[in-house]
2 protein chains.
Amino acid sequence: MTESGTAVRNTRQRSAVSALLAEVDGFHSAQDLHAMLRDRGERVGLTTVYRTLQGLADAGEIDVMRPPGGEHLYRRCSEGHHHHLVCRACGRTVEVAGPTVESWAERVARQHGYVEVSHTLEIFGTCPSCAG
Amino acid sequence: MTESGTAVRNTRQRSAVSALLAEVDGFHSAQDLHAMLRDRGERVGLTTVYRTLQGLADAGEIDVMRPPGGEHLYRRCSEGHHHHLVCRACGRTVEVAGPTVESWAERVARQHGYVEVSHTLEIFGTCPSCAG
DNA sequence: GCGTTTTTGACAATCATTCTCATTGTCGCG
DNA sequence: CGCGACAATGAGAATGATTGTCAAAAACGC
């Protein structure tokens, strides 16, 4: 029960979702993405969109954000670990890397004896355009 | 537009929720707290529990956490800004302060011209008891 | 006490997400 | 190349936490 059990199959729908995520910028909800696919003429069920997104998220290929608003937002973003700086007003997002934070979190957790450490961090603010 | 007239009234229900939060440890969902109040013999509507918790959260008297699981968890905790180190297995929580992170977030945001900066940060790990 | 204004609470409504399950599409293997 | 096992799909139902509604009750100033 280690690795090779998961036979992930290549389907039209999965490709469509991946392709869409590769093209659009910013975060989008599952329903949002579903609507876009529909506009493109791709017939993909909402359930499948959810499942595919979950799969991609588990695989670490996309990021999930849970804004206070309610719905989950998904986004394909750069590899590796990073965080997001999001504008409260227009949603404009900047990816930020924080080696400082990574090591801090790791250190603090270990000081308390916690292992297998992970963390979530989102920064919210008002971007220059919306503030001016 | 005389907005300064917000008269918050003292009610039995509000006190009950506050008192309960003062006694219990750890995070609890609204429904959880509602059930506890019921067991105590306090008759408080679920709607009221939600409203009271929201109010307390707005006032900064309690913390809200949104675990991936789904429901919001509320907890009365120490004053001031801090974060939580939560055990994935048993839920044991440690409050941690991170001046480093606070200033880092502020600095990064400002570098990008963002103002009115806030952030959310949760650290997850496996605590000593659960790991051993 | 009295009237005004907030608060309460039972219930309905909302809404994103998950579940169900019969059907369909993939892909390994002969 | 074709078969068959089994993952994947999808339409609709189900779930379940949270929010809205609104008449009735409680608090507070006077």
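Conventions and cut-offs
Note that residues are indexed from 1 along each chain, following the sequence as it is written. To label them, take the chains in the order written and letter them from A, then take the ligands in the order written and number them from 1. Since the coordinates come from a predicted model, pLDDT governs what is reported: local features require at least 70, and pairs of side-chain atoms require 80 or more to be given and counted, while whole-chain, interface and lining totals use all residues. Each side-chain value is worked out from all heavy atoms of the structure, with water and hydrogens disregarded. The fit set for superposing copies consists of C-alpha atoms from residues with pLDDT of at least 70 in both; the fit itself is least squares. The contact definition used throughout considers only heavy atoms, calling two residues in contact when any of these lie within 4.5 Å. In this description, a disulfide is simply a cysteine sulfur pair whose atoms lie within 2.5 Å. Type-normalised accessible area, obtained with a 1.4 Å probe on protein chains alone, sets the label of each residue: buried when under 20%, exposed when over 50%, and partly exposed for intermediate values. Basic side-chain nitrogens of Lys or Arg form a salt bridge, by our definition, when they fall within 4 Å of a carboxyl oxygen of Asp or Glu. Note on conventions: DSSP H or I runs of at least 4 residues are helices, E runs of at least 2 residues are strands, and numbering of each starts at the N terminus.

Q: Help me out: how do you make sense of the relation of the copies chain B and chain A in this one?
A: The relation between the two copies of this chain is a rotation about an axis and a shift parallel to it. The transform that puts chain B on chain A rotates by 179° and translates by 0.2 Å along the axis, for an RMSD of 0.3 Å. Classification of the inter-copy transformation places it as that of a two-fold axis. By C-alpha distance to the rotation axis, the residue of chain B lying nearest is B:Leu121, at 2.1 Å. The share of interface residues of chain B whose copies in chain A are also at the interface is 100%, consistent with both copies meeting through the same surface.

Q: Quick question: what am I supposed to make of the state of the cysteines here?
A: Covalently bonding the sulfur atom of one cysteine to the sulfur atom of another cysteine gives a disulfide. For the structure on display, the rule yields 0 disulfides over all chains. In this model A:Cys130 remains outside any disulfide bridge; the closest cysteine sulfur is found in A:Cys90, 3.6 Å from its own. You can call A:Cys130 partly exposed: its relative accessible area is 35%. Summary of cysteine pairing: B:Cys87 is not part of a disulfide, and the nearest cysteine sulfur, belonging to B:Cys90, is at 3.6 Å.

Q: How do you make sense of the pattern of salt bridges when you look at a structure like this?
A: All names here are of chain A. Counted under the stated rule, the structure contains 6 salt bridges over all chains. The partner of Arg75 in a salt bridge is Glu95, with the nearest N and O atoms 3.9 Å apart. With Arg75 in strand S3 (residues 73-76) and Glu95 in strand S5 (residues 93-96), the pair connects residues that are 20 residues apart, well separated along the chain.

Q: Can you help me understand the environment of A:Ala89 in this one?
A: All names here are of chain A. Within the element layout of this structure, Ala89 appears in the loop between strand S4 (83-87) and S5. By relative accessible area, Ala89 is classed as exposed at 57%. Measuring from C-alpha to C-alpha, the distance between Ala89 and Asn10 comes to 38 Å, with 79 residues separating the pair along the chain.

This is a description of form; function is not addressed.
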